[in-house]
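Summary of structural features
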Amino acid sequence: MAEQATHGFTRRSFIKGAAVLTATGALVGCSPQTQNLEKAEPQKEAPETQIFSGVCRGNCAGGCFLNVHVRDGQVVRTSMREMPDPQYNRICMKGLSHPYRIYSDERLKYPLRRAGERGSDEWERISWDEALDEIAEKWNGYVKEFGPTSVGLFTGSGNYGLVNGMSVGGVTSRFLAASGIAYLNQTVDAAANFATSRLLGMGYYSTGNEPADMMNAKTILIWGANPAISQIQNMHFLMEARDNGTKLIAIDPMFSQTAARSDEWVPVKPGTDGALAFGMMNYIVEQGWHDLDFLREHSVAACLVKEADGKFLRQADLDGSQPSADDAKNAATSLVMGKDGTPGIVGEVADPELEGSYEVEGIKVSTAYQLLLDRIAEYPVSKAAEITGVSEDLIKDVAEQYARNTPSSIYTFFGIDHYWNGHWSQGCLATLAVITGNVGKAGAFCGFQECLGSGLGNAVLASPEGAPGQAAKYNAPFLTKAFDEGEYAGQPFNLKMAMFSHTNAVTNMADRNDTLSWMNRCEFLVGADMLMTDTMRYCDIVLPVAHWFEKEDVFMSYATHPFALLQEKAIEPAFESRADIDIFNDLADRIGCGDLFKITTEEYLEQVFQTKQAQAMGADLATLREKKAVRQAGKEGEAYVYGEGGVFATTSKLAELYVENPVGSNPYTEGWDLAKEHLAYWEPALQVGDESRREKYPIQLLSEHSRFRTHTQWFEADMLKEIDTEPFIKLSPADAAAYGIAEGDRVKAYNELGSVVLTAQINSGLPEGMATCPKGWEAGEFIEGSFTELFTKEGNPFCSNQAYFDCTVAIEKL
Ligand SMILES: Nc1nc2c(c(=O)[nH]1)N[C@H]1C(S)=C(S)[C@@H](COP(=O)(O)OP(=O)(O)OC[C@H]3O[C@@H](n4cnc5c(=O)[nH]c(N)nc54)[C@H](O)[C@@H]3O)O[C@H]1N2
Ligand SMILES: Nc1nc2c(c(=O)[nH]1)N[C@H]1C(S)=C(S)[C@@H](COP(=O)(O)OP(=O)(O)OC[C@H]3O[C@@H](n4cnc5c(=O)[nH]c(N)nc54)[C@H](O)[C@@H]3O)O[C@H]1N2
Ligand code: SF4
Ligand SMILES: [Mo]
């Protein structure tokens, strides 16, 4: 029986864990936790320290470049490594704590088979062959009997490396494509990009301007983001820009750490940002501060929309023919109205009409811009003020600064995304940017100030030639419904087995009890992780995965810097852990897709550097191996700008503030209401915006991203836990007084879905009716229950997403 220490860290479990370490002898005397200073032999000669290049690559969006210091085959410390452009030199406490992760007692050491009830944490140690054979036997059996949709792979955001990670083109996407099974989609962070991308075309992992470009903006609205905590590497650009005269305006319901460092704070009511953007647009248009040239030349504003079906008018309509399938998808083939009353193709008519409704050969049309103006007219500043709680004067002031003190950027992350109405509000922000021409220029962007989201792996690993591709995509929030109904969005549903890799789904999905309930309806669960997480604890077989420094990789995806970075293999995988790519290679052989899937790290890296994108970077693998860091886009001193010159990556190359063919991500298409999807639109949030719910569950419970963790990652780094001792619920002084709660009291927060007990802190940055709790704590770390029980999985009927912030609870003092 192999013991795994649990993180409900009792002294007994610590001793048990230590005993296992002693028994294996593998790391005794070298890890920060097992070091026994009294007994250590003085070292006669200090062993030589080797330094490897490393990348910190969880989901904090940082991708910091690290030195990994290795002595005698052990990582002894990490330090910041110089980037080719020193503006991007960064490391944080987490980056400095990797040795505590590598040598943590929570590390999974061997393959394990469940030996008690699911979740009971009782295990038996098995060999890799036993584990993989058993997984393959189940897998092959289910696929044979029930077809490929009976096995699913669930991935999260654990590692953005291209070889061993889960970013587009990473090992998990190649495996999905080659094995042809179902993809279990966590549906997280899926509203903001969905909305902005529809208008500006930057893809799911949105590519923004390079972070250094913030220095070029005169005004930055920090809107639904808290970079002081959640993009800490970007914060210095904001601070330097501010020193340089850039006006920083934080739009946030709470006085966040970022708001505290901004010039102005706009306390908006949660979930009402779309209405605020509408109010600003209303005032901007009234004052004539919008950019008519930009709208005409770089957007679909002048395109004529048919009243009958909401589609753009094309020459084919006038000929009585059907537009070709390609034309029907491309706004660039639509007609605009010339000043002489003759329609012509967009881009070919000089100075087309932007406003108005017309009849062209009996067909009633309006310009897209006219439709937008009609929508904007529904939100006079007074109405926006009433909805958002922001005064009329402040709305006008922010609108004026944004539209006139330009170039302006909207720095946003996921603070708006995490509401049920997130994609609508976010679409309003992007529309505001387009109508003022604040996109596609130095200092102007709306979205994430980060670079090259999807990376180069796309072309190579994602889908090997001849691969069947994933058999189905199941969005996690609908799995319980699918089990209940035996079908998923009208298709037969028969999931029997799920594999969890790069995810801590149990702790991170909304409605923890729901996640556990659908997991328990699967007959067989497999997990692959570095650590014994709450998710691994419920699996039937658990596979130990190598830490980031124990496997070679290239990082060129989700980061707040523009560099491709090399992760050298600095040490051997600890215990019996293995690199993801090796695990998936062996599994692929056993389930019969080895021919399609199999690839070595070396082959993969070579293929990446043969792609056109890599060649455009002007670097090959040898150069990356030599320099360890290569710029992917932009130049030093000339930051990369997305959509430069107003040429966007949409099909039409235009900013599509009217979406002709909206396609939702919610698979239940009967809930789609296209009337809400063509243009900027807003309606209130689900729980937070529901006054009657508030009578029973009056307090909004917001999740804070923690400085000490990236989601659940680093929970195992004991050193950080000495600083960040327990998850607190932070209450506003007004609510604390109303409930008689003092700092340090125990508080229960609950709603119809579950409950949690934790310690209170009082925080005067919070408005009445809003509480926050740091996310990423495992159930055993709470006094009782778990914070992630409380969040609804109910998503928007058009855009599937987890609305973590759209949550209200009742609280009581215990
Ligand atoms: N209540 C609430 N819940 C939330 C949120 C919230 O605001 N409130 N926020 C949500 C958001 S924005 C996100 S993005 C999600 C994140 O959810 P997850 O993606 O589940 O986040 P992590 O906790 O980082 O879990 C990643 C797991 O991958 C493992 N891992 C790391 N590296 C590797 C590797 O190389 N190989 C393998 N196989 N595994 C590896 C880690 O040990 C960890 O267990 O959480 C969401 N959950
Ligand atoms: N240290 C650390 N960094 C991280 C992560 C982590 O776990 N730890 N996680 C990473 C991930 S996956 C993500 S998704 C990002 C998230 O990046 P951010 O979105 O920047 O993260 P949050 O800290 O959630 O900040 C959201 C802000 O929006 C505000 N907000 C809440 N509701 C509303 C609203 O209705 N309107 C407006 N205007 N603002 C609102 C909140 O008060 C908060 O200040 O962080 C990434 N970076
Ligand atoms: S956790 Fe994020 S900010 Fe900290 S070192 Fe790692 S990548 Fe950088
Ligand atoms: Mo996220």
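Everything quoted here is computed from the prediction, not taken from an experiment. (Residues numbered from 1 in each chain as written. Chains lettered and ligands numbered in written order. Predicted model: local features only at pLDDT ≥ 70, side-chain atom pairs only at ≥ 80, totals over all residues. Heavy atoms only, no water.)

**Here's the deal with the pattern of salt bridges**
With the rule as written, the count across this model stands at 43 salt bridges. Residue Glu683 pairs with Lys676 through a salt bridge whose shortest N-O separation is 3.0 Å. With a relative accessible area of 22%, Lys676 lands in the partly exposed category. Linked by salt bridges that have partners in common, Asp121, Arg512, Asp534 and Arg537 make up one network. (Salt bridge = Lys/Arg side-chain N within 4 Å of Asp/Glu carboxyl O. Buried < 20%, exposed > 50% of the residue type's maximum accessible area, 1.4 Å probe, protein only.)

**Observations regarding the site of ligand 3**
Lining the immediate environment of ligand 3, one finds Cys56, Cys60, Gly62, Gly63, Cys64, Cys92, Lys94, Gly95, Ile232 and Gln233. Looking at the shell around ligand 3 residue by residue, the classes come out as five nonpolar, four polar and one charged. (Near = heavy atom within 4 Å. Nonpolar A, V, L, I, M, F, W, Y, C, P; charged D, E, K, R; others polar.)

**Remarks on the domain arrangement of the protein**
Domain boundaries in the protein define domain 1 (112-189 + 454-631), domain 2 (208-447) and domain 3 (691-813). Centre-to-centre separation of domain 1 and domain 2, based on C-alpha positions: 37 Å. Listed per partner, the contact involves six residues of domain 1 and eight residues of domain 2. Looking at the side of domain 1 facing domain 2, the largest losses of area belong to Asp189, Tyr558 and Thr560, adding up to 80% of the total buried there. Summed over the shared surface of domain 1 and domain 2, the result is one salt bridge. Its salt-bridge partner being Arg631, residue Glu210 comes within 3.0 Å of it at the nearest N-O pair. Linking domain 1 with domain 2 are one residue pair in polar contact (both at pLDDT 80 or more). Residue composition of the side of domain 1 that touches domain 2, by class: two nonpolar, two polar and two charged. (Domains from an automatic or database assignment. Contact = heavy atoms within 4.5 Å. Buried area = accessible area lost by both parts, 1.4 Å probe. Polar contact = N/O pair within 3.5 Å; in protein donor to acceptor, adjacent residues only side chain to side chain.)

**Structural notes on the UniProt feature "domain: 4Fe-4S Mo/W bis-MGD-type" (unreviewed entry) in the protein**
Within this structure's numbering, the places UniProt gives as "domain: 4Fe-4S Mo/W bis-MGD-type" (unreviewed entry) are residues 49-106. Counted over residues 49-106, helix gives 9% and strand 36%. Its end C-alpha atoms are 26 Å apart. (UniProt positions renumbered as here; feature names shortened; annotations may be inferred. Helix = DSSP H or I, 4+ residues; strand = E, 2+ residues; numbered from the N terminus.)

**Quick notes on the sheet that holds strand β24 (residues 553-555)**
Taken together, the three strands give an open sheet; going across it, the order is β24-β25-β26, and neighbouring strands pair in antiparallel fashion. The two strands at the open ends of the sheet, each matched to only one other strand, are β24 and β26 (629-631). The average undirected angle you get between the axes of adjacent strands in this sheet is 20°. Note: strand β25 (residues 563-567) against β26, three bridges, orientation antiparallel. When the bridges of β26 are listed, Phe563 appears paired with Arg631. (Pairing = 2+ DSSP bridges. Axes fitted to C-alpha atoms, helices over the stretch in contact; angles between N-to-C directions.)

**Quick notes on the site of ligand 2**
Around ligand 2, the structure places 32 residues, and the nearest of them are Ser230, Asp252, Asp273, Tyr419 and Arg709. Within the side chain of Asp273, one N or O atom sits 2.7 Å away from a nitrogen atom of ligand 2. Taking 920 Å² as the accessible area of ligand 2 by itself, protein coverage stands at 98%. Its residues assigned to classes, the shell around ligand 2 shows 14 nonpolar, 12 polar and six charged. Of the domains in this structure, domain 2 (208-447) and domain 3 (691-813) are the two that each give at least three residues to the shell around ligand 2. (Areas by Shrake-Rupley, 256 points an atom, 1.4 Å probe, with all protein chains shown as cover.)

**Regarding empty space enclosed by the protein**
The tally for this structure, following the rule as stated, stands at seven cavities of 30 Å³ or more. Its volume calculated, the second largest cavity comes out at about 100 Å³. Lining the second largest cavity are 16 residues; nearest its centre among them are Arg198, Leu199, Gly427, Leu679 and Ala680. At the level of secondary structure, the elements contributing two or more residues to the lining of the second largest cavity comprise α5 (192-200) and α15 (422-435). Looking at the lining of the second largest cavity element by element, the count peaks at five residues for α15. Residue composition of the lining of the second largest cavity, grouped by class: nine nonpolar, four polar and three charged. (1 Å grid on protein atoms, 1.4 Å probe; cavity = no way out; pocket = protein on both sides within 12 Å on 5 of 7 lines; lining within 4 Å. Points joined across faces, edges and corners; volume = space filled by probe spheres on them.)

**Side note on the state of the cysteines**
One pass over the full model with this rule turns up zero disulfides. Cys522 provides the cysteine sulfur closest to Cys593, a residue in no disulfide bond, and the two sulfurs are 20 Å apart. Look at Cys593 and you get buried, because its relative accessible area is 6%. (Disulfide = S-S within 2.5 Å.)

**As for the nonpolar core**
One finds Ile135, Trp139, Phe175 and Leu543 to be the most contacted residues of the largest nonpolar core, which totals 70 residues. For this core, the element with the most residues is helix α3 (residues 128-146), which contributes seven residues. Leave out the neighbours within four places in its chain, and Phe175 touches Trp139, Leu153, Gly180, Phe584, Leu587, Ala588, Ile591 and Phe597. Within the second largest apolar cluster, 67 residues are counted, among which are Val346, Tyr369, Ile416 and Leu679. (Core = buried A, V, L, I, M, F, W, Y, C linked by side-chain atoms within 4.5 Å.)

**So, α15**
Residues spaced three or four apart along an α-helix point in a common direction, a consequence of the helix completing one turn every 3.6 residues. Here α15 contains 14 residues, and its C-alpha end-to-end distance of 20 Å stays within 8% of the 20 Å for a straight helix at 1.5 Å per residue. For α15, the tally of buried residues reaches 14 of 14 residues, placing the bulk of the element in the interior. One or two positions beyond α15, positive phi appears at Gly437, with a value near 70°. (Expected span 1.5 Å × (residues − 1).)

**A short note on the packing of aromatic side chains**
What the rule picks out here adds up to 34 aromatic pairs. When the centroid spacing of 5.1 Å and the interplanar angle of 80° are considered together, the rings of Trp424 and Tyr681 count as edge-to-face. With Trp424 in helix α15 and Tyr681 in the loop between β26 and α25 (691-696), this pair connects stretches of sequence that are 257 residues apart. The ring of Trp714 has Arg101 sitting right over it, with the charged end atom 4.2 Å from the ring centre. Here the basic side chain of Arg578 rests over the ring of Trp128, its NZ or CZ set 5.1 Å away from the ring centre. (Phe/Tyr/Trp six-rings, centres within 6.5 Å; stacked < 30°, edge-to-face > 60°. Lys NZ or Arg CZ within 6 Å of the ring centre and 35° of its normal.)

**What to know about the side chain of Ser150**
With respect to the helices and strands, the residue Ser150 is situated in the loop between α3 and β6 (151-155). One polar contact links the side chain of Ser150 to the main-chain carbonyl oxygen of Gly147, over a distance of 2.7 Å. Those residues in contact with Ser150 that lie beyond four places of it in its chain are Tyr142, Val143, Asn494, Leu495, Lys496 and Met497.

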